[in-house]
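If you want the building blocks of each chain, they are given just below.
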Amino acid sequence: MPTYRFSVELSESLPMHPDETPIQPAELRTFVSDLFQKTGMPSSDADSTAEVLVGTDLRGIFSHGTRLAPNYLKHILDGHMKAHPQPKVERETPAMAVVDADRGIGHLAARDGMQRAIEKARQVGVGMVNVRRSHHLGAASIYAMQALAHGMIGFTTTNTGGPSVAPFGGRDSALANHPLAWAFPTREGFPIVIDTAAGVAAWQRVETMRIYGQKLPPDWCLDKEGNPTDDPAEAFIMFPAGGTRGYGLAVAAGLLAGALSGGQVPSRRERYNAATDSEHTFTAISIERFVSREQFLGEVDEMIAACHRTPPRDGFERVCLPGELEWEREQQWRENGIPLHRDHLTLLAEIADRLGVKVFW
Ligand SMILES: NC(=O)c1ccc[n+]([C@@H]2O[C@H](COP(=O)([O-])OP(=O)(O)OC[C@H]3O[C@@H](n4cnc5c(N)ncnc54)[C@H](O)[C@@H]3O)[C@@H](O)[C@H]2O)c1
């Protein structure tokens, strides 16, 4: 059976999957915005939401882009999420804030949260903004990367969902699969963007593997009975990434984004409940307040060069920095269209039909 590329770690030189269709990002943005507007979301918010979701697809993060739009739209239609929330700042100092997102879509609350953190960093060097009473924010890197346009370093993590990740050494779940993302500016080309789930992979990545008929590696997941499984459809409990490392990151994310925002840690929450809140945290760091920009970027250059100089091991075509492949993909797909799987397009077509929006592909 041939191997096709479908996620960041697979080679770009592999052929496009036969079930994929190239979709132009501009048309997809308009289509997704129209879907959100049908729920009563103001057009500027719908445009911003569509921009985040399509921007995520453009980086090859299909797990957290437009494929999740139908879920978010259903949450609004079912009354679990507000199409037109009224967020308010609850606590604030020059360096920090806590924002109540009023149960709107996480993507907009997250964009706003990072923007506030950037403004604070501009004033006092570092800004940290926590957001509570929000929802799933999608791919964490999108918000960390907002800091790059201001020459800053960005960090994002979130506390979303009930227990699905086992603590190190455990056979049942106690933690959630929180993502953590950092974005670092570079002199030219790709920015360094680390965006990783605390579990071995995002749950939606497991879903991607199901869609593409892939088996899971043997040490990723347990089924509902606590037995190892390589079937994405049976996976229920996930191991932390890198053993104790991902375990620690899941604990840190839950406390920093969740507990510090006045939210609940995952073990207090139901595994699946669209009505449950999410919390997020955003940090922006002004480089010049710490060190000259030139000196910092010189070290960034050396870090990139040191990784690129390393000869690839067997099975690797080349050594890349985190975020490099995603950046390359975005440059290419902006021109050629985003290759979306047939099942992905079917999900979008079904919700479009329900909302009375015409599909364009
Ligand atoms: N909102 C949520 O609750 C939630 C939860 C979990 C994950 N997520 C999102 O899911 C997405 C996928 O997460 P994941 O952990 O499956 O990511 P992943 O395993 O695909 O990538 C993790 C990191 O590895 C890097 N990477 C991958 N291949 C590489 C290579 N060949 N060379 C160098 N670096 C490489 C990527 O750049 C990335 O920084 C992320 O955007 C994350 O934010 C969201």
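Residues numbered from 1 in each chain as written. Predicted model: local features only at pLDDT ≥ 70, side-chain atom pairs only at ≥ 80, totals over all residues. Heavy atoms only, no water.

Chemist: Got a minute to help me understand the site of the ligand in this structure?
Modeler: Near the ligand, the surroundings consist of 24 residues, among which Gly138, Ala140, Asp195, Ala197 and Glu326 are the closest. A distance of 2.5 Å separates an oxygen atom of the ligand from a polar atom in the side chain of aspartate 195. Side-chain polar atom of glutamate 326 to an oxygen atom of the ligand: 2.7 Å apart, as the coordinates give it. Here the ligand has 850 Å² of accessible area as a free molecule, and 82% of this is covered by the chains. Those elements giving two or more residues to the shell around the ligand turn out to be β7 (192–197) and α9 (324–336). Of the residues in the shell around the ligand, the class split is 14 nonpolar, seven polar and three charged. (Near = heavy atom within 4 Å. Polar contact = N/O pair within 3.5 Å; in protein donor to acceptor, adjacent residues only side chain to side chain. Areas by Shrake-Rupley, 256 points an atom, 1.4 Å probe, with all protein chains shown as cover. Helix = DSSP H or I, 4+ residues; strand = E, 2+ residues; numbered from the N terminus. Nonpolar A, V, L, I, M, F, W, Y, C, P; charged D, E, K, R; others polar.)

Chemist: Got a minute to help me understand the side chain of threonine 66 in this structure?
Modeler: Mapping threonine 66 onto the fold places it in the loop between α2 (43–58) and α3 (69–77). Residue class for threonine 66 comes out buried when judged on its relative accessible area of 0%. Side chain to side chain, threonine 66 and aspartate 57 meet in a polar contact 2.5 Å long. For threonine 66, the residues in contact, after removing those within four places along its chain, are Leu28, Val32, Leu53, Val54, Asp57, Leu340, His344 and Leu348. (Buried < 20%, exposed > 50% of the residue type's maximum accessible area, 1.4 Å probe, protein only. Contact = heavy atoms within 4.5 Å.)

Chemist: Explanation requested: unusual backbone geometry in the structure shown.
Modeler: Phi at arginine 103 takes a positive value of approximately 65 degrees, unusual for a residue other than glycine. Residues other than glycine seldom take positive phi values, yet arginine 133 does so here, at roughly 50 degrees. On the secondary structure map, arginine 133 appears in strand β4 (residues 126–134).

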